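# Breakdown of the fold
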Amino acid sequence: MDPAARTVVLITGCSSGIGLHLAVRLASDPSRSFKGTGWGRPVGWAVPKASDPVPIAVYATMRDLAAQGTLWEAARARRCPPESLETLELDVRDSDSVAAARARVTEGRVDVLVCNAGRGLLGPLEGHGPGAVGSILDVNVVGTVRTVQAFLPDMKRRGSGRVLVTGSMGGLMGIPFNAVYCASKFALEGLCESLAVLLLPFGVHVSLIECGPVHTAFYEKLEGGLGGALDQADARTRHLFSLYQRHCERVAREAQDPEEVAEVFMAALHAPQPALRYFCTERFLPLARLRLDDPSGRSYVAAMHHAVFVADPGAMQSGDSEPDAAPETAVHASDRCPL
């Protein structure tokens with residue numbers, strides 16, 4: 001098949017979770033195509049009819065190819081055509097690794113870039129060492145920048161392309177014990193929004209896929225483990241962390257399946273005019289809106305504190321102070337934990 005006839009998708013962070021499921025979903029697409037609006041074609045190319053198939057080539061990348069076994073097992077289970085999926089080594093922390101992966105894309109271009117690689121960091125801020133903080137920012141923020149820098153210039157030259165970034169509700173609202181993780185995801189919001197404004201005349205679209213809790217190996221890959229150096233925190237903070245863990249256990253019961261999240265990515269890919277943000281769940285939007293409705297932040301801080309530390313009967317210890325009651329709808333909408 002002529003490489004120019006294929007829509008080329010490159011996804012980072014495919015060893016597990018959302019990246020793995022999206023790669024397999026794309027490679028196993030029953031139609032093996034996007035139904036054409038011509039968005040992935042360079043300027044001047046003929047626009048396919050809506051019924052014309054545009055075959056897909058999926059490059060599923062990961063930091064260590066020794067971890068690719070699970071991906072190929074899933075691909076075999078979904079009967080992915082062999083020619084539709086290829087794995088590449090790509091470490092977003094290393095510019096040379098990103099460049100090497102780009103050079104191995106045989107079609108010579110990437111039509112859709114999905115920046116999905118990410119790490120988590122959970123626990124009291126005072127327990128995080130500089131190395132752990134730097135690692136999260138390097139992967140989640142600088143790693144995304146490195147990857148976009150590698151592929152964006154060609155998209156701009158061709159006048160077409162899409163960049164999808166795995167966002168988080170933790171990038172739209174602060175979550176206790178997730179200060180550094182939220183900082184990294186807030187940074188992605190600013191990065192993508194700024195690029196989206198700039199890239200309109202280039203025909204390149206940037207979209208954030210805002211995820212809530214998802215059943216993945218997120219907690220198994222936390223930098224520094226669950227809670228970090230919890231012993232460095234004071235007794236009240238340790239107690240609050242135990243309440244947060246209890247809160248996360250409740251939220252985890254309603255976490256989404258990665259395949260459900262992959263369908264949101266698919267919706268963004270198929271949209272003729274993509275939005276900046278797509279939400280995998282609307283459960284937390286009332287709480288997120290509090291940040292806009294009350295720019296002072298008082299309503300949001302009260303609502304989130306109540307939802308995490310107070311909503312569970314008997315959660316507050318004697319002597320703990322409770323902020324003013326938050327709007328009831330916001331309290332019920334805010335049960336969540338990081339991705």
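These remarks concern the structure in this document. (Residues numbered from 1 in each chain as written. Predicted model: local features only at pLDDT ≥ 70, side-chain atom pairs only at ≥ 80, totals over all residues. Heavy atoms only, no water.)

### Observations regarding the overall build of the protein
Across its full length, the protein carries 10 helices and 8 strands. Within the protein, the proportion of its 339 residues that are buried is 54%. Put simply, 78% of the contacts in the protein that link residues at least 6 apart link residues at least 24 apart. (Helix = DSSP H or I, 4+ residues; strand = E, 2+ residues; numbered from the N terminus. Buried < 20%, exposed > 50% of the residue type's maximum accessible area, 1.4 Å probe, protein only. Contact = heavy atoms within 4.5 Å.)

### With respect to the pattern of salt bridges
The tally for this structure, following the rule as stated, stands at 11 salt bridges. With a closest N to O distance of 2.8 Å, Asp138 and Arg146 form a salt bridge. Residue classification places Arg146 among the buried positions, given a relative accessible area of 17%. (Salt bridge = Lys/Arg side-chain N within 4 Å of Asp/Glu carboxyl O.)

### A word on the packing of aromatic side chains
With the rule as written, the count across this model stands at 4 aromatic pairs. When the ring of Phe177 is compared with that of Phe241, the centres are 5.0 Å apart and the planes differ by 85°; the resulting orientation is edge-to-face. With Phe177 in the loop between β6 (161–168) and α5 (179–199) and Phe241 in helix α6 (residues 235–252), this residue pair connects regions lying 64 residues apart in the sequence. Each member of the pair Phe177 and Phe241 is classed as buried. Members of the aromatic cluster, joined through ring pairs, are Phe177, Phe241, Tyr244 and Phe309. The ring of Phe202 is capped by Lys156, whose NZ or CZ atom sits 4.7 Å from the centre of that ring. (Phe/Tyr/Trp six-rings, centres within 6.5 Å; stacked < 30°, edge-to-face > 60°. Lys NZ or Arg CZ within 6 Å of the ring centre and 35° of its normal.)

### Regarding the side chain of Thr147
Checked against the element boundaries, Thr147 lands in helix α4 (residues 130–158). For Thr147, a relative accessible area of 1% puts it in the buried group. Once residues lying within four places of it in the same chain are set aside, the contact partners of Thr147 are Thr12, Val92, Val98, Leu113 and Cys115.

### Section: the pairing of β6
For β6, a buried count of 8 out of 8 residues is recorded, marking the element as mostly surrounded by other parts of the structure. In β6, alternate side chains face the same way, and those of Gly161, Val163, Val165 and Gly167 on one face and Arg162, Leu164, Thr166 and Ser168 on the other are all buried. Bridge analysis of strand β5 (residues 112–115) against β6 gives 4 bridges, and the strand direction is parallel. Across the sheet, Cys115 pairs through a bridge with Val165, a residue of β6. Handedness of the β5-α4-β6 crossover: right-handed. Relative to strand β7 (residues 204–211), β6 runs parallel, the two being bridged by 8 bridges. In the sheet register, Arg162 faces β7, and the bridge partner there is His205. With α5 bridging β6 and its parallel neighbour β7, the resulting β-α-β unit is right-handed. (Pairing = 2+ DSSP bridges. Right-handed = clockwise from strand over helix to strand, strands pointing away.)

### Some points on the packing of helix α3 (residues 95–103) against α4
In the contact formed by α3 and α4, the axes pass within 10 Å of each other and the chain directions differ by 35°. Pair α3 / α4 crosses with right-handed handedness. Residue-level inspection shows Ser95, Val98 and Arg102 of α3 in contact with α4, the latter providing Arg146, Thr147, Ala150 and Phe151. Taken together, the residues of the contact of α3 with α4 sort by class into 3 nonpolar, 2 polar and 2 charged. (Axes fitted to C-alpha atoms, helices over the stretch in contact; angles between N-to-C directions. Left-handed = near helix turned anticlockwise from the far one by under 90°. Nonpolar A, V, L, I, M, F, W, Y, C, P; charged D, E, K, R; others polar.)

### Details of the nonpolar core
Counting residues in each nonpolar core, the largest one holds 34 residues, and the members touching the most others are Ile11, Leu26 and Ile209. Leu90, Val105, Phe151 and Leu188 belong to the second largest nonpolar core, which has 28 residues in total. (Core = buried A, V, L, I, M, F, W, Y, C linked by side-chain atoms within 4.5 Å.)

### What about unusual backbone geometry?
Note: most peptide bonds trans; most residues except glycine with negative phi. Located in the positive-phi region is Arg79, a residue other than glycine, with phi close to 55°. Along the polypeptide, Arg79 turns up in the loop between α2 (69–77) and β4 (85–89). With a phi close to 65°, Phe177 is a non-glycine residue in the positive phi region.

### Some remarks on the packing of helix α1 (residues 17–27) against α2
It is the contact of α1 with α2, at a shortest axis distance of 10 Å, that shows an interaxial angle of 35°. At the point where α1 passes α2, the crossing takes the right-handed sense. Counting all contacts with α1, which are made through Leu20, Ala23 and Val24, the residues of α2 involved are Thr70, Leu71, Ala74 and Ala75. Of the residues in the contact of α1 with α2, the class split is 6 nonpolar, 1 polar and no charged.

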